[in-house]
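Structural overview for review
One-letter residues, chain by chain:
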Amino acid sequence: MSTALPVNDSKTIIFEKWEETAKNKLGKGAFDYVQSGSGGEETLQKNVQAFKEWDIIPRVLTNVETRDLTTSLFEKKLAVPFFLAPVGFQTVVHPEGELASARAASSLSVPYIASTVSSFSLEEIGEASVGSPRYFQLYWPNDDEVATSFVKRAEAAGYDAIVVTVDTTVLGWRERDLQNQYFPMQTGAGIANFVNDPVFQEKYNRDGLLDTNELINAIRKILLNQSITWEKLGWLKQQTRLPIILKGILHKDDAQLAIEHGIDGIIVSNHGGRQLDGVRSTLAALPSIVEVINGRISVLFDSGVRRGTDIIKALALGADAVLIGRPFVYGLVDGENGVREVLQNLVADLDTSLALTGKTSVKDIDCSIVERVY
Ligand SMILES: Cc1cc2nc3c(=O)[nH]c(=O)nc-3n(C[C@H](O)[C@H](O)[C@H](O)COP(=O)(O)O)c2cc1C
Ligand SMILES: CCCCCCC(=O)C(=O)O
């Protein structure tokens, strides 16, 4: 990486400006669905605030002429230490939804995580991101045969890992969505992985005979699984040769259990403040989890990452890589180009921040360059 200049033809650099653009372009229901958190949005705010509670203390005179943003996870090289987080229902933001975001990510070799509730099938998203790393996020359905089918399809479509979201046994209490009476599936978004699944079709869709409302009800009935336990993970591991990553870990004891159950990685996440409100910010949760993990498995991180310096802080506190959610979703209001713009700027911002931190590689960032604000 030799330049830290922002993208020349960028229209929007600032996260808050993208958010404003999204607010102006989207209907209230869709915008609130993306922006809001659960409950009184305490955690949503804490996630962002937490980054301000850590100072970067840069080093100087270290020769940062040549810089390297690459890292590796599960023996695969990544061009940058950040992923597009799994985000469902992307056609509520732009008609090309996940295809646009996956193409933008792939054009910059940014790794992508496809959601179970995508508006295009995992096979279509896989094709849109061919050549670039991609993981499949599993909302573990309340039907083992459908769960197995999803995992096998992800393997066949060339995905590199399965991300099991474990913080969504039920949907969070999202007051703004409830107030707006907004549920994105009602727009027809988020059902592609089900309607393209042979097991689901045969068992629940009577081979395509259900009308849209019946279909949505059938999906909702099996989408979230309240009965999964640590013991059941052994069964999932037997269904796939891909690494399994748990998304939604906040407690250090759960980090320990992940290791004991042979899990390959965890994502320290509170779902962007959208599930249980009042939980810890992820940056506050990270250090104690990293201590327990002690380098034995990969630790990813999300919730509240907005800028390059946020990535530096999360890496310094022990994350191997981070995920971004809302920043790319706001870019998606301008389709593939909008997402690309957000990502290009984030790469340039990260590169600038790396140089000014006095480091030449993201792999060299460690806790020596951060301290809690006092
Ligand atoms: C609109 C929207 C939809 C989401 N859909 C999913 C999903 O389908 N699966 C999932 O595991 N997480 C989902 N998430 C959570 C993200 O993966 C991620 O944890 C969160 O957005 C990170 O916080 P940030 O938005 O502050 O970056 C969603 C988040 C948003 C904003
Ligand atoms: C019953 C729908 C569950 C999917 C929710 C998607 C998501 O994770 C989010 O909105 O956040």
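Residues numbered from 1 in each chain as written. Chains lettered and ligands numbered in written order. Predicted model: local features only at pLDDT ≥ 70, side-chain atom pairs only at ≥ 80, totals over all residues.

Attention now moves to the overall build of the protein. The helix and strand inventory of the protein stands at 16 helices and 12 strands. Put simply, of all contacts in the protein between residues at least 6 apart along the chain, 73% involve residues at least 24 apart. (Helix = DSSP H or I, 4+ residues; strand = E, 2+ residues; numbered from the N terminus. Contact = placed C-beta atoms within 7 Å.)

Around ligand 1 sit 24 residues, and of these Ala 85, Gly 88, Ser 115, Gly 272 and Gly 325 come closest. For the shell around ligand 1, the elements supplying multiple residues, two or more each, are strand S11 (321-324) and helix H15 (326-331). Here the residues of the shell around ligand 1 sort into 9 nonpolar, 11 polar and 4 charged. (Near = placed C-beta within 6 Å. Nonpolar A, V, L, I, M, F, W, Y, C, P; charged D, E, K, R; others polar.)

Turning next to the environment of Glu 175. For Glu 175, the position within the fold is in helix H7 (residues 175-180). Accessibility expressed as a C-beta count within 10 Å gives 16 for Glu 175, which makes it partly exposed. Distance in space between the C-alpha atoms of Glu 175 and Ser 36 is 8.5 Å, their sequence separation being 139 residues. (Buried ≥ 20, exposed ≤ 12 C-beta atoms within 10 Å, placed from the backbone.)

Moving on to helix H14 (residues 308-316). Note on helix geometry: an α-helix contains 3.6 residues per turn, so any two residues three or four positions apart are oriented the same way. With 8 of its 9 residues buried, H14 lies for the most part within the structure. All of the buried residues along H14 are Gly 308, Asp 310, Ile 311, Ile 312, Lys 313, Ala 314, Leu 315 and Ala 316. Phi turns positive one or two residues past the end of H14, at Gly 318, with a value near 115°.

Let us now look at the pairing of strand S6 (residues 134-138). Burial of S6 is extensive: 5 of the 5 residues sit out of reach of the surface. Pairing analysis gives 3 bridges linking strand S5 (residues 112-114) to S6, with the strands arranged parallel. Bridge pairing in S6 places Ile 113 opposite Tyr 135. Of the crossover connections in this fold, the one passing from S5 over helix H5 (residues 122-128) to the parallel S6 is right-handed. Taken together, the 4 bridges between S6 and strand S7 (residues 161-165) define a ladder with parallel strand orientation. Opposite Leu 138, over in S7, you have Val 164 as the bridge partner. (Pairing = 2+ DSSP bridges. Right-handed = clockwise from strand over helix to strand, strands pointing away.)

As a further point, take the site of ligand 2. Lining the immediate environment of ligand 2, one finds Gly 88, Val 117, Thr 168, Leu 171, Leu 223, Leu 224, His 271 and Arg 274. Considered class by class, the residues forming the shell around ligand 2 number 4 nonpolar, 3 polar and 1 charged.

This paragraph deals with the environment of Leu 210. Within the secondary structure layout, Leu 210 lies in the loop between helix H9 (198-204) and helix H10 (212-223). As a C-alpha pair, Leu 210 and Glu 123 span 87 residues in sequence and 23 Å in three-dimensional space. The contact partners of Leu 210, leaving out residues within four places of it in the chain, are Asn 205, Leu 215 and Ala 218.

In this section: the packing of H14 against helix H16 (residues 335-357). Where H14 contacts H16, the axes come no closer than 7 Å and their chain directions differ by 60°. Classified by the angle between their axes, H14 and H16 sit oblique to one another. Pair H14 / H16 crosses with right-handed handedness. Touching Gly 308, Thr 309, Ile 311 and Ile 312 of H14 are Leu 346, Asp 349, Leu 350, Thr 352, Ser 353, Leu 354 and Thr 357, all from H16. Of the residues contributing to the contact of H14 with H16, the split by class is 5 nonpolar, 5 polar and 1 charged. (Axes fitted to C-alpha atoms, helices over the stretch in contact; angles between N-to-C directions. Parallel < 35°, antiparallel > 145°, perpendicular 65-115°, else oblique. Left-handed = near helix turned anticlockwise from the far one by under 90°.)

Further remarks concern the pairing of strand S10 (residues 298-301). Here S10 shows a buried face lined by Ser 298 and Leu 300 and a second buried face lined by Val 299 and Phe 301. As defined by bridge partners, strand S9 (residues 265-268) adjoins S10 across 4 bridges and the pair is classed as parallel. Opposite Ile 266, over in S10, you have Val 299 as the bridge partner. Read as a crossover between parallel neighbours, the route from S9 over helix H13 (residues 282-293) to S10 is right-handed. Strand direction decides the pairing type here: S10 and S11, joined by 2 bridges, are parallel. Note on S11: the bridge partner recorded for Leu 300 is Ala 321. Viewed along the sheet, the connection from S10 through H14 into S11 turns out right-handed.

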